[in-house]
Amino acid sequence: MKILENKLHALQTLAFAALASLSLASANSANAAGLLKVSDPSQGELEIKTHQVQVTINNGFAQTEVVQTFFNPNNVPSEALYVLPLPQHASLSEMEIWVGEKHLSGEVVAKQKAQQVYQQESESGNDVGLAEKSGFQRFEFWVSAVPAMGEATVKTVYYQPIEIDTGTGKYSYPLEEGGTDEMAESFWMQNDSVKEYFSIDLVVKSANPIAATRAPLYTGVSGIDEHGNPTYHFESQGGNLDKDFVYYYQLQDDLPGRIEVIPHRAETGKPGTFMMIVTPGVDLEPLERGADYVFVLDTSGSMDGKLHTLVSGVKQTLASFRPEDRFRIVLFNDRSTELTKDWVPATAEQIDYALKQLDQVQDSGGTNLYAGIKNGLNNVDADRVTSMILVTDGVTNTGELSPAKFANLIRTKDIRVFGFLMGNNSNWELMDQICTVSGGFYKSVSNSDDIIGQILLAKSKVLFECMHDVKINIAGVKTYDLSRIQFKKVFRGQQLIIFGKYDQAGDAKFTMSCKISGEEKKYTTSFQFPETDHDHPELERLWALSKIEELQWANKLGLKDSSESNQAIEDIALNYQIVTEQTSMIVLDNEGFNRHGIERRNADRTANERQAQSTRQQTPPKSYRVDQQKPAFQHSTPRPSSGGGGGGGAIHPLSLLMLIGLPLLKKFKPQK
């Protein structure tokens, strides 16, 4: 392969700086994830020939494998950059490149070293790739260089935990980009079109029966495999990568509350890793007295094309309110204004008047999130339960930006924040901090998603009692480095996912303590940590990512020394091969790794993961429930379509979709 021109390398350096400074909230329209190249009028755009996605949802987590083939129509080698907004909590594990007969694979190293190696190899005319994290969960994949009139095939693999909420699981493959600023748009040309073939294949392996599935905006074919697992296939001949793929699956009604523990321990004498999934079956009574709800809505310029969907969601939510409820509507862009002026009763007349005003709202300006939240906290009545429904699509770029200041602001009032992030590349880390401090929670909502159903789902939670001061304890076996085990509040239908390490095999006692309506409650069971278990080595990466996110969270709130936190993040990332702001994945052949003295940690880890995946593919889903003999909970998990709250009623998003005429659910029957 010919050596790339020095001018191109200088431009590449400038490109790194430009991409690092992207302001995702300032765009007027969202761009699809796609192949980017330097804007050189003398060269034709690189093409994405094929884009194939294979997804396996296996009990508590999902594996996504993406294989793409790029074609260079130019007479000289061209450097390519593919941008992909990975979902939150996703751990990138593999990147492989095939150029002709040459095969390259990835290893995670310190970020500065990865950039130096990439530049040296590229200047020497060698095949090389680079994967970096930019922003909150935006990954950039550099390929240098795609041969003249030739192809390069790139494979990426990542893992993510899947949470079940009120009996419904959701998987999202993000394709929509969050948008770019004017400088970046003038600098880059973008090609998000697949020339020949685009496909998605998905299988759900669940030990709990699945009743129905749904994929908004994609008209694929649903089926079942030889083990009775739901499958989904979509394909198209060409097309643009401009719509997220979102897939819902609904578990069978009346499943018991349960505790599942998925372990991994490579050998005796080494630490084990586990993922604990707690799905409470707790009798939470509907709240009879009225409650207060303040909607804090983003109307900035980046909401162009999304504002109508947001308004529709608010309309549906207000329609389910009771006359004894009250509401306010606060808007924000560069500054914040209140649509309702004060708390108003949720009568038909007041709702109709507010909705007419809301229909007149236009999107414009920047995103001053702090001003919107501050305004929403005004006039909170200490005698009433108050919830904030916060909906935004972008990164705050005006006014106060410090996460610690946001946390301190939220602590000034007793209010629960339910956050919804519309679109990809949003600042989910900041939203997580805001909602966690308040005792609420947040959801990412794709632009291809069901925002109406998601907001209604939050409304259904605040119609019921919640568990306060929830604490998880594991005794009998030494566990350590656990992810979050204390929760200010846990709401109806909410699932708790905990990662941790354990020292040795043995009998363990699980205890979950909480308060419900001021009364102390305890839920207990016993289970065993195994001597060895090789089924899920991927859990080590997911555990590592949970620790990294915890350190980042504490760092941004000023709870830890930043230099120590950053060093700890880098150490964990290198040991478990995680791409972070401090690390990158360099992609070379074996000779290249030898030239730079790079240890093949990821090669060994990937080999173990692939072996486990191959074994799992040949077997039916395995139940990891550990409390069957001694159930921790005496009640079933909440039914998706339950109402409550004195007749106010909550409509589950999947039920709502059928009512408003969107594609019906696919029903599954077990194989005979």
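Residues numbered from 1 in each chain as written. Predicted model: local features only at pLDDT ≥ 70, side-chain atom pairs only at ≥ 80, totals over all residues. Heavy atoms only, no water.

**Describing the overall build of the chain**
Operational definition: Helix and strand assignments come from DSSP, with helices taken as H or I runs of at least 4 residues and strands as E runs of at least 2, each series counted from the N terminus. Note on classification: 1.4 Å probe, protein chains only; a residue is buried when its accessible area is under 20% of the maximum for its type, exposed when over 50%, partly exposed between these limits. Contacts were defined at the residue level, with two residues in contact if any of their heavy atoms lie within 4.5 Å. Note on areas: these come from Shrake-Rupley sampling with a 1.4 Å probe, and a residue is covered only by the protein chains present in the view.
From N to C terminus, the chain includes 14 helices and 35 strands. Per-residue burial over the chain gives 60% buried out of 672 residues. Sequence-distant contacts, at least 24 apart, represent 79% of the contacts inside the chain between residues at least 6 apart. With an accessible surface of roughly 26,100 Å², the chain has 48% of that area assigned to carbon and sulfur atoms.

**Topic: the confidence of the model for the chain**
Here is the rule we go by: Confidence of the predictor at the level of single residues is given by pLDDT, which spans 0 to 100.
The predicted model of the chain averages 81 in pLDDT, with 82% of residues at 70 or higher. The least confident element of the chain is helix α1 (residues 6-20), whose mean pLDDT is 30; the most confident is strand β19 (residues 258-264), at 97. The model gives residues 1-32 a pLDDT under 50, and that stretch makes 83 contacts with residues more than four places away or in other chains. pLDDT under 50 marks residues 178-189. Its contacts with residues more than four places away, or in other chains, come to 41 contacts.

**Some words on the pattern of salt bridges**
Note the threshold: Definition used for salt bridges: Asp or Glu carboxyl oxygen within 4 Å of a side-chain nitrogen of Lys or Arg.
Under the counting rule described, the total for this entry stands at 30 salt bridges. Residue Glu400 pairs with Lys405 through a salt bridge whose shortest N-O separation is 3.8 Å. Judged by relative accessible area, Glu400 falls into the partly exposed class, the value being 26%. Since its relative accessible area comes to 42%, Lys405 is described here as partly exposed.

**Concerning a negative patch on the surface**
Rule in force here: A patch consists of residues exposed above 30% relative accessible area that lack any salt bridge, with like charges linked at up to 9 Å and nonpolar side chains (Val, Leu, Ile, Met, Phe, Trp, Tyr) linked at up to 5 Å. Positive residues here are Lys and Arg, negative ones are Asp and Glu, while His and the chain termini are left out of the count. A charge is said to be at NZ when it belongs to Lys, at CZ for Arg, at CG for Asp and at CD for Glu.
On the surface, a cluster of negative charge is contributed by Asp283, Glu285, Glu288 and Glu324. Topologically, Glu288 is positioned in the loop between β20 (272-279) and β21 (292-298). Given a relative accessible area of 53%, Glu288 falls into the exposed group.

**Considering the sheet that holds strand β31 (residues 496-502)**
Inclusion rule: Each pair of strands is called paired provided DSSP finds at least two bridges between the two strands. In this analysis an axis means a line fitted to C-alpha atoms, helices contributing only their contacting stretch, and an angle means the value between N-to-C directions, from 0 to 180 degrees.
One open sheet holds the four strands; their spatial order is β19-β20-β31-β29, and the pairing between them is antiparallel. Where the open sheet ends on each side, the last strands, each with one partner, are β19 and β29 (479-480). With seven bridges connecting them, β20 and β31 associate as antiparallel partners. Paired with Met276 across the bridge in β31 is Ile498. Its contacts with the sheet place helix α10 (residues 539-556) against β19, β20 and β31, and it is angled at close to 105 degrees to β31.

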